[in-house]
Structure formats: C-alpha cells, structure tokens
Amino acid sequence: MSRGRPALIVGGAIVVAIVLIALLAPWLVRYPPTEFHVKDRLAPPSADYWFGTDEFGRDVYSRVMIGTRLSILIGFVAMAVCMGVGTPLGLLAGYVGGRTDEVLMRGLDILMSFPSIIFGMLILTLTSPGPLKTAVAVGIVYAPTIARIARSVTLSIKEEDYVAAARSRGESHLYILFGEILPNTWAPLTVEASLRVTFAILAAAALSFLGLGAQPPDTDWGLMIAEARKFMTVAPWIALFPGAAMCLTVVGLNLLGDGLRDALDPRLARRARG
Amino acid sequence: MGSGTRSILDWRGAPADSPMADHPVLAVERLTVTYAAEGGRVRAVDDVSFAIQRGEVLGLVGESGSGKSTVAAAVIGLLAANARVESGRVLIEGENLGALSAEAFRRLRGNRLTMVFQDPLSSLTPSIRVGEQIAEVLRVHRGLRPDAAERRTIELLASVEVPDPALRARAYPHQLSGGMQQRVLIAMALACDPDVLIMDEPTTALDVTTEATILDLVADLKRRVRAGILYITHDMGVVARLCDRVAVLYAGQLLEEGTAEEIFHRPRHPYTKGLLASIPRLDRAYTGKRLPSIPGSIPSPGALPPGCVFGPRCPFAAGGCAERVQPRREPLWVRCERAQSLTEVGWPDAVPEAADAGMKGAAPGGDPLVRVKGLSKEFQQGGGWEGWRLDRGGVLGLRLHQAHRIVRAVDGVSLDLRHGETLALVGESGCGKTTLGRMIVRLIDPTAGSVVFDGTDLAVLRGRALRRRRREFQIVFQNPDSSLNPRRRVGETLARPLIVFGLAERARLGPAIGALLRMVQLPEEYAERYPHELSGGEKQRVAIARALATRPRVAVLDEPVTALDVSVRASVLNLLVALQAEIGLPYLLIAHDLAVVRQVADRVAVMYRGRLCEVGPADVVFAPPFHPYTRALLSAIPIPEPAAARRAERIRLTEMGSPATTGHGCPFSGRCPVRIGPICDEVTPRVHVLDRGHTIVCHHELATLGGDTR
C-alpha cells in the first residue's frame, strides 16, 4: 500500500516523530524550561544552548520541546472536537435533508462567515483564556467545514442501493446512519481531519500569540513567538526555532493528508480499464 | 431532406484527388499497450492487428476489460498517462502515426481521424451552443470563415437528420435529448470529412427506440461517407446490423476476425460461439427458460490466465491446450489450436433441470398473490427555495407563491402477480417502471392506489406493522457496485437480514451464510471477501442471496443483469430461473431488454410514461395484435443475425415529444406512428380485453393493431 507513496511515508515519519517528541519531552529537555540563566540572556545557539536562550536566559531548545506538548495537544483536541461536532451535524443534514438540512447548513454558513480567528477570540473572551478552551474554540470554528464534507458524502451515499436495501429490511434510521453510511465517510473525513489539524495548530498558535491560549509559565509555540517578538532583531533565534517547529509540523501533516487521500481514494485504486 | 444537403457527405461524388492508394485507410499492426499498476505493468492490449478499408465498418467486439477502449485510445493518441504503447504501429493511409510530431497529430485529430464517444452529454461542452462547437472544428481544421462555417454546420446537422437544424444549432447541449446530442457529435466527427471515424459504444447510453434511429443513421452514413469506421461495442445485435467485418477482443487479445457472415454463422473461436449462444434472442425458440451460458467471469487485466486467455472458461479445452498461450493461427486467423477440429461443434446447450419441465408457457395458476390497483406516484418538481414567484394580486398588489410542477411518474397502474410466475415490467428509461417496483417494496410511498398482499394493503402500512411485513418482499437492484456496502464483508452483508428478521441464531449464522452462498453458486469462502474482490456477476449473486435471505414471498428484480457483462448475463439469469423453480418465488422483473424478458417471463406488462399500454402472457404480447408502442419496441431491438438484422423493418419513433398536456389522452400519442388524431391526445384510450388476460389500451380497433400498422 505504501510503496510509491513518498508523501505518506515522509509525512507519517514527521508526524510520528513530533508526537514522540511531545510524549518524551520531559526526558528530551536539557534544562528545566522555566529555569533562568541570568548571565546567559539572549545567548545565540551554542553547544550549551542548542537553540540559544531568550530574554530571561531560558533554554529555547528545552522550551520548544516542552511547547510541542501543548501545541500538539491543542491541535489534536481541536480536531477531535471538530470531528465530534461536525460529523454528526453533517450526517444529519445530509440524511434528513429538506428543512433540517436548510436550517443546519444556513446556521453553519453564518458561523463560517466570521473570520475564524475573530470567532475564536469571541469564544475565548466570552469565557476565559486557557489551552483547553483554545482547543475547543478552534474545534468549533472549524466544525462547519467538516460538517459540509460529511454532508456531501452522506448525500451521495444515501442514494446507494445498499442503503435502499437496508431500508427495504426496515432498518432504523440510526442503524442506516451509523451502520451503513458512517463507515463510508471516514476515508474522506480522515483526509480532511489530518489537514485540519494543521489549521488547528496554526489557529491555536495565533490565539496563543494574542495571549488567549497557553498561559505562562506553561508555553507553546505561539506564545514563544509572541514573547520573542520584541527581540526579533537582536535575537531572531528565539522566534526562529518555535516557528520552524510549527512549519515542520504543518508540512508533515499536509504530506500525511495528501498521502492518505491518494491511498484512500477509490478512484486512484489500481484498475486498468478496458 | 434535400439531395443538396446529402451531397456534402456523398463520397461517390468525392473529389478525384482523394488518395485511394492500396493502403487500408486504417491499419493497426501488432499493437501492445500496457498500464502501470501496483506490482508492475499490466497488458491491456496484446498483439492486436486489424485493418479497415474505406467505406468499411469494422466491429470491434468485447466486454468490459477486453481492452477495446484502450485500442481506440491508442489509435487516436489519447491514452491515459499511465498507459504505454509497448510495440506495434498505427497507420492511416500508410502513414505511421507514431512518427508524427505532437503538433501534426493534433492537426490530424478531429480532422482526418475523429471519434464519437459513449456518453454524448459529457462529450459536449455544456456552456457553448452546439452549432458553435461544430463550427469551431470547421474554422480550426478547415480554415472556414465564420459565416461559411455556420452554413456548413447547418448542412451537417441536416445530414445527420436533426430536424430544424438552424434552430437546434443555437441550442445548448442540455436542451437536446440524448439522441440529438449523439447526432450533434456525429455531425462534428464528420465535419471535416474524416478518413477514419471511431465510434465507441455510441448508442449504449441511449434508449432502445432512440438507439434504433441512431443505428439507422450510422448504417446510412456508411454508404455516404468515405471514412473507414471502427465501431466498438459489446452488443452483437448492433454488430450484426452495421458491421462488414468483426474482430472479437477478449482479455486484450484478438481471438478471431472475419466477415460478419462468418462470425455469426460459422464462429470459430469457442468464446465467439459461447457469446452468440448465450445472448437471449427474440428470433429463436427455447424449450425451457435456461440459456446456454459461459461459465466463470472475465479475467481482470492484472490476473490473466498464464496460457490461453479463454482456457479457464472453455468447455472444449482438451489435451492441455488451455495451458498453452494461443498465438494467431494464419489460415483461420483464430487464437485457438483446436478451432479447425471444432468447426462443426456448437456451444453446449443449457443443462435442463427436472424442475424446469413445463414451466414455460404454463398458465400461471391460482389467485393473485399481489394485487396492485391504481397505483400512482406524483413527484413535485422544484421544492425548497425553488419555484417561488412574485405575481400581481393579493392584498398588497403583489403575491408570493410557490409554483410546483407535478410529474406523474406512475399513473394509475393495476397489475396482478401470481404464485411462481415472472411478470416482466418493460419500458424505456423514465417510463416509471423502477418507481413502480420501488413502490411495491415500499422504498417509495405511493401517492394513491393500493398494493394488496395477502389481504393487507401494503400501501397504507406504516411504522412497525410495515417493518414486520418487509421480510416478505425484497428487491434486487440494477447496479451490483452500488448494491453492496464496500466496507462490509460479504458474510456481514448476508448476516444482516438474518439477524434483523431473527431467521438464524447468532451461533448458527456461519452455516446459514454458507448455505446462502451455495444457493447462488458461490464458494463459501466468499463470506470473508470484500465487494471489491468480487466480479460484477459475483456481486450480483451476493445481492440476490441477500434479497432471498429473508425468505421473501415476492421479489422485485430491477434490471438484474443490465449492468453485467454479456458473457455472465446468461448464467445469472439461469440462476434466477433455477431459484424460482426451486422455491416457487414470484418475480416482478423490471427490464428494458425484450429479449431477456422473452426468455424468462411468463407475463409481460409494457409501460409508457407511467401507464400500462399492454399486459398479457409473454407469448401473446410478443405476437400480434400489438399495442403500437410494443410493436415499435420489438422492431427496435437489434437482432444478432446479420441477414435478419438488415432485412428487418423498423418502426422509427420520433424522439420524446412534450408530455401529453391533458393527462387524459394516450401517453404515447405524441410519438405514435399510427396516431388517429386529436382523440388520442384528449380521450382516455379504450381497453381491449382479449383471451388469457391479454389487455391492450388503444383507440385503434383490434383488427388494425394486428395487421400492418404502417
């Protein structure tokens, strides 16, 4: 399956590596990430501080490693929220159709018409900032996209004859939705989800950058970049390394998503036509 | 049509400078094409050679996966990106196309070498008027000025018998019927007076009566154009009607080539023999309901047999010939080493079964099991946000209201279905036969009417009462690819009805599934497979097993073999007949193929635009007196027999007109070749009731319907 699909392999490897870093971060750090090294403030990368130090002399390498945890966690929790909210809405809208569909989808259209960051900020300022709330906010912001995809897949699958066969057996709507239709939506949704995580990570970083995500002394990449902003000209490494980590994550997830799309798309399945 | 328009395509008056050298107009020499696939390259076309002379039609016959479309794509230089010509050449008038530059090939294509594809709508650009699309070809390849191109376009449309060509030229593709779209494509292909015209299943997407008119057109063109025509099809009836010579393609190899006469009367390759024997035919009398069939299914290009490609399915294989690769053998030009010794041997007959005896023609006895009365279905066109209009009137001077167009898909149909019989519901696409079938199994709720089954009106059952009865009526769908959930193993698919209706304890599901698979003649191991690991015929067998798993008392079969390859249709039909003989299950068979219907049906109901025109026992419906529509349908069927096909007189129907407006008149009046007058449009036709429940709904006297109606 994976032969001849470099995107899937490279993307998968990057994502696995980043998840491992997130899991093993406490053992990968070289200094406690919040420890001040007052005499080494704003030190450039060196053998002692691989990624340099920030304004308080904290080791940027250790902070990037620890920051991975929150960034990735927020990304994946956001995706889970996004799928958890979007998929059932989309299935319902597509399956029931008619007025229900109109009302649900127009409602989602309204949500989608807000710029996502503004909408996320709205949710967070109405409650109170915090990493988990950031994840939920980002998840809700992106749920309409997932709902649209789930709906369009459902619309085509509900016309399939195996759904008609299930109806001719008198199966319940619940069984038809979750037994016959849902299993056929996961392929396109998985692809979309793996691409959505990147949006979620970026959106979460942006919210953290605005001070609405991770709260010190915890940190994530977005917050690190925000803190580094003032020293961009004298100590660019403070922003460079968390930025690079984010970039690598996004590239890895996008490659994985593309690879999955190719691997799961039945139209690309091997079949020589006669 | 005037002779003036015809002359532009009349090649007998062709300019004298046309190069009529010794070369065939199209020659394909030892062509081999492979596709990139997982695990290496797959051979889709293997050492194929043929030649076409000017004014000749070569039929390239093959089933899906035979490589026939790949041959066409290779000739016209439009192979898919993962395909590669491994060896061989394509020559037009002796000129090797492989040696041409991309630019030279582009100038050739659409000009000297043109093609008509299967699906007319997707072959036309939706947002450009059809006349403009033809004119563009003339401007690009022939350098005509716009006004000349426009004049020529209208001449071309007239020459392919498009009525009102100047008007139709200004239409967009979706405004034309399928038959008209195909005529536009043919006109476009003929625009530059091509040397070679490739037609890839040009009538497969069309209705029978429309197909007949297009075939007439192609047969007529053959005499008028100078091109050599490569006609690709799977339908032997079409081949018999049109082709001078026939090449039979199977699993990428040409198995045999010859004149149409030779192929139909003295087929030499076992596959050709089997193919011809297994096609249900109207002009042949069968003793039982069984057809001779070809065992097995077509090998996929990735899994070809190592020896003779047809070996595993061949009943004549002997002396290890199936294990040997069969090269082309020159004297007979057949890829079969036993062909010479088999010249006098025909394909083996169907094995008759004891249960079949006396089945066909036996008067269906007993009280009707299902009584359909006045069943109707109305659909509203344009719901939701559509159809809202602002009109004058109302309190405020303006009124918002929603205009619905009501379409009667099924209009007051009454039918009886008796124990153990097959009732065929026949008609063209859009006539409402599928809607009717789906109403009977309550996949669609009827607007009016009743379906009385065992004293209960199914049409009014709701909720739990309906769910309890659903076990008793099941349906088999047309498209096997859509019938099975791709994420479910065959075993899970078959287990579900057993669980839902409590027909097997969970512990005994395994043996029950095994029994179902054996019943449809599949190995029990198939329970572990996913649908994509099955061939089309095998999927349809699983779908049949799923429908019969509930032990239904009525089965609706919605075009059960239409989507299958020709060589596996017979075996699936035989299976259905055998199952009926075994359990006495009545079938409502929905079909458009009258030959299939003739083969397996006890009674036939002919449907047109939601209403029945004629009902009766099969032998009676297929003999005079006919309803004019039945007669037209019967005459439209291509007969797989060259002499008969050319002799046969066809009733040509005009294409679908606008629907009858009053709703009272005969639905067929708009296209009826023997329409009497306004009475047909406005007055409900008479119901003639004849012997054995034979009913014809028509204003004509019976004597008129029985005689020559033209």
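Residues numbered from 1 in each chain as written. Chains lettered and ligands numbered in written order. Predicted model: local features only at pLDDT ≥ 70, side-chain atom pairs only at ≥ 80, totals over all residues.

1. Considering the overall build of chain B
In step 1: Along the backbone of chain B there are 25 helices and 24 strands.
In step 2: Counting every position in chain B, which comprises 710 residues, the buried fraction comes to 48%. (Helix = DSSP H or I, 4+ residues; strand = E, 2+ residues; numbered from the N terminus. Buried ≥ 20, exposed ≤ 12 C-beta atoms within 10 Å, placed from the backbone.)

2. Comments concerning the overall build of chain A
In step 1: Within chain A, the regular secondary structure consists of nine helices and zero strands.
In step 2: Order of helices (α) and strands (β) in chain A, N terminus to C terminus: α-α-α-α-α-α-α-α-α.
In step 3: When its C-alpha atoms are laid out on the principal axes, chain A stretches across 75 × 50 × 30 Å.
In step 4: Here chain A holds 274 residues, and the buried ones make up 46% of them.
In step 5: Looking at chain A alone, contacts between residues at least 24 apart form 71% of all its contacts between residues at least 6 apart. (Contact = placed C-beta atoms within 7 Å.)

3. A closer look at the interface of chain A and chain B
In step 1: Taken together, the contacts link 18 residues of chain A with 34 residues of chain B.
In step 2: When residues in the side of chain A that touches chain B are grouped by element, the largest group, six residues, is from helix 6 (residues 161–168) of chain A.

4. What to know about the sheet that holds strand 4 (residues 83–92) of chain B
Residues and elements named next belong to chain B.
In step 1: On the basis of which strands lie adjacent, the open sheet formed by four strands has the order 2-1-4-5 and antiparallel pairing. Each edge of the sheet is formed by a strand with only one pairing partner; in this case those strands are strand 2 (40–52) and strand 5 (95–96).
In step 2: Bridge analysis of strand 1 (residues 26–37) against strand 4 gives eight bridges, and the strand direction is antiparallel. By the bridge assignment for strand 4, Val33 is matched with Val85. (Pairing = 2+ DSSP bridges.)

5. Thoughts on the packing of helix 5 (residues 130–142) of chain B against helix 6 (residues 146–159) of chain B
The angle between the axes and the distance between the axes are what describe a pair of packed helices.
Residue and element names in this part refer to chain B.
In step 1: For the pair helix 5 and helix 6, interaxial distance at closest approach is 9 Å and the crossing angle is 120°. The pairing of helix 5 with helix 6 is recorded here as oblique in orientation. Taken as a pair, helix 5 and helix 6 cross one another with a handedness that is right-handed. Residue-level inspection shows Gly131, Ile134, Ala135, Leu138 and Arg139 of helix 5 in contact with helix 6, the latter providing Pro146, Ala149, Glu150, Arg152, Thr153 and Leu156.
In step 2: Residue composition of the contact of helix 5 with helix 6, grouped by class: six nonpolar, two polar and three charged. (Axes fitted to C-alpha atoms, helices over the stretch in contact; angles between N-to-C directions. Parallel < 35°, antiparallel > 145°, perpendicular 65-115°, else oblique. Left-handed = near helix turned anticlockwise from the far one by under 90°. Nonpolar A, V, L, I, M, F, W, Y, C, P; charged D, E, K, R; others polar.)

6. Focus: unusual backbone geometry
In step 1: Geometrically, the link from Pro216(A) to Pro217(A) is a cis peptide bond, its omega value of 10° lying close to zero.
In step 2: As for its placement among the helices and strands, Pro217(A) is situated in the loop between helix 7 (173–209) and helix 8 (221–228).
In step 3: Between Pro624(B) and Pro625(B) the backbone carries a cis peptide bond, its omega angle lying at 0°.
In step 4: Topologically, Pro625(B) is positioned in the loop between helix 21 (618–621) and helix 22 (628–636).
In step 5: The phi angle at Arg442(B) is positive, at roughly 60°, despite the residue not being glycine.

7. Overview of the sheet that holds strand 24 (residues 695–697) of chain B
Residue and element names in this part refer to chain B.
In step 1: In space, the eight strands of this open sheet follow the order 18-19-20-15-21-22-24-23, with mixed pairing throughout. Each end of this open sheet is capped by a strand with a single partner; those strands are strand 18 (473–476) and strand 23 (687–689). Looking at each pair of strands side by side, their axes are set apart by 20° on average, direction ignored.
In step 2: Bridge analysis of strand 15 (residues 422–426) against strand 21 (residues 603–608) gives four bridges, and the strand direction is parallel. Counted as the bridge partner of Leu423 is Arg603 from strand 21.
In step 3: Across the sheet, helix 13 (residues 433–440) is in contact with strand 15, strand 18, strand 19 (554–558), strand 20 (587–591) and strand 21; its angle to strand 20 comes to roughly 155°.

8. A few points about the nonpolar core
In step 1: With 273 residues, the main nonpolar core has Leu230(B), Leu588(B), Leu589(B) and Ala605(B) as its most contacted residues.
In step 2: By residue number, the principal contributor to this core is helix 2 (residues 60–96) of chain A, which donates 16 residues.
In step 3: When residues no more than four places from it in sequence are discounted, the contact partners of Leu230(B) are Leu26(B), Ile52(B), Leu58(B), Leu60(B), Ala72(B), Val196(B) and Ile198(B). (Core = buried A, V, L, I, M, F, W, Y, C linked by C-beta atoms within 7 Å.)

9. Quick notes on helix 4 (residues 116–126) of chain A
In an α-helix, one turn spans 3.6 residues; hence positions three or four apart end up facing the same way.
Residues and elements named next belong to chain A.
In step 1: Within helix 4 the residues assigned to the buried category are Ser116, Gly120 and Leu124. On an axial view of helix 4, the arc spanned by its buried residues comes to 65°, and they lie on one face. The exposed set on the far side of helix 4, more than 90 degrees from its buried face, consists of Ile118, Leu122, Thr125 and Leu126.
In step 2: Buried residues along helix 4 sit in contact with helix 5 (131–157) and helix 7. (Arc of directions from axis to C-beta.)

10. Here we look at the environment of Met65(A)
Residues and elements named next belong to chain A.
In step 1: Mapped onto the secondary structure, Met65 falls in helix 2.
In step 2: It is 6.6 Å that separates the C-alpha atoms of Met65 and Val29, two residues lying 36 residues apart in sequence.
In step 3: Not counting residues up to four positions away in its chain, the partners in contact with Met65 are Ile21, Ala25, Leu28 and Val29.

11. Regarding the environment of Leu111(A)
In step 1: Here Leu111(A) shows up in helix 3 (residues 98–113).
In step 2: Spatially, the C-alpha atom of Leu111(A) lies 17 Å from that of Ala135(A), the residues being 24 residues apart in sequence.

12. As for the confidence of the model for chain A
Residue and element names in this part refer to chain A.
In step 1: For chain A, per-residue confidence averages 85 on the pLDDT scale, and residues scoring 70 or more make up 95% of the total.
In step 2: Here helix 4 stands out as the element of chain A with the lowest mean pLDDT, 82, in contrast to helix 6, whose mean of 93 is the highest.
In step 3: Confidence drops under pLDDT 50 across residues 267–274; counting only partners more than four residues distant or on other chains, this segment forms 20 contacts. (pLDDT = per-residue confidence, 0-100.)

13. Re the packing of helix 18 (residues 536–549) of chain B against helix 19 (residues 566–583) of chain B
All names here are of chain B.
In step 1: In contact at an axis separation of 10 Å, helix 18 and helix 19 are set at 15° when each is read in the N-to-C sense. The angle between helix 18 and helix 19 falls in the class roughly parallel. Handedness of the helix 18/helix 19 crossing: right-handed. Across from Gly537, Gln540, Arg541, Ile544 and Leu548 in helix 18, the residues of helix 19 making contact are Val568, Ser571, Val572, Leu575 and Leu579.
In step 2: Class assignment of the residues belonging to the contact of helix 18 with helix 19 gives a composition of six nonpolar, three polar and one charged.

14. A short note on the environment of Ser71(A)
Residues and elements named next belong to chain A.
In step 1: Residue position: Ser71 is located in helix 2.
In step 2: When the 31 C-beta atoms within 10 Å are taken as the criterion, Ser71 is described as buried.
In step 3: For Ser71 and Ala214, which are 143 residues apart along the polypeptide, the C-alpha to C-alpha distance reads 9.0 Å.
In step 4: Filtering out sequence-adjacent residues up to four positions away, Ser71 remains in contact with Ile201, Ala204, Ala205, Asp220 and Trp221.

15. Some details on the pairing of strand 21 of chain B
Residues and elements named next belong to chain B.
In step 1: Burial of strand 21 is extensive: six of the six residues sit out of reach of the surface.
In step 2: Alternating positions in strand 21 separate into two faces, Arg603, Ala605 and Met607 on one and Val604, Val606 and Tyr608 on the other, with burial throughout.
In step 3: Relative to strand 22 (residues 611–617), strand 21 is paired through six bridges, and the arrangement is antiparallel. Bridged to Met607 within strand 22 is Leu612.
In step 4: Connecting strand 21 to the next strand, strand 22, in antiparallel fashion are two residues, including Arg609 with a positive phi near 45°.

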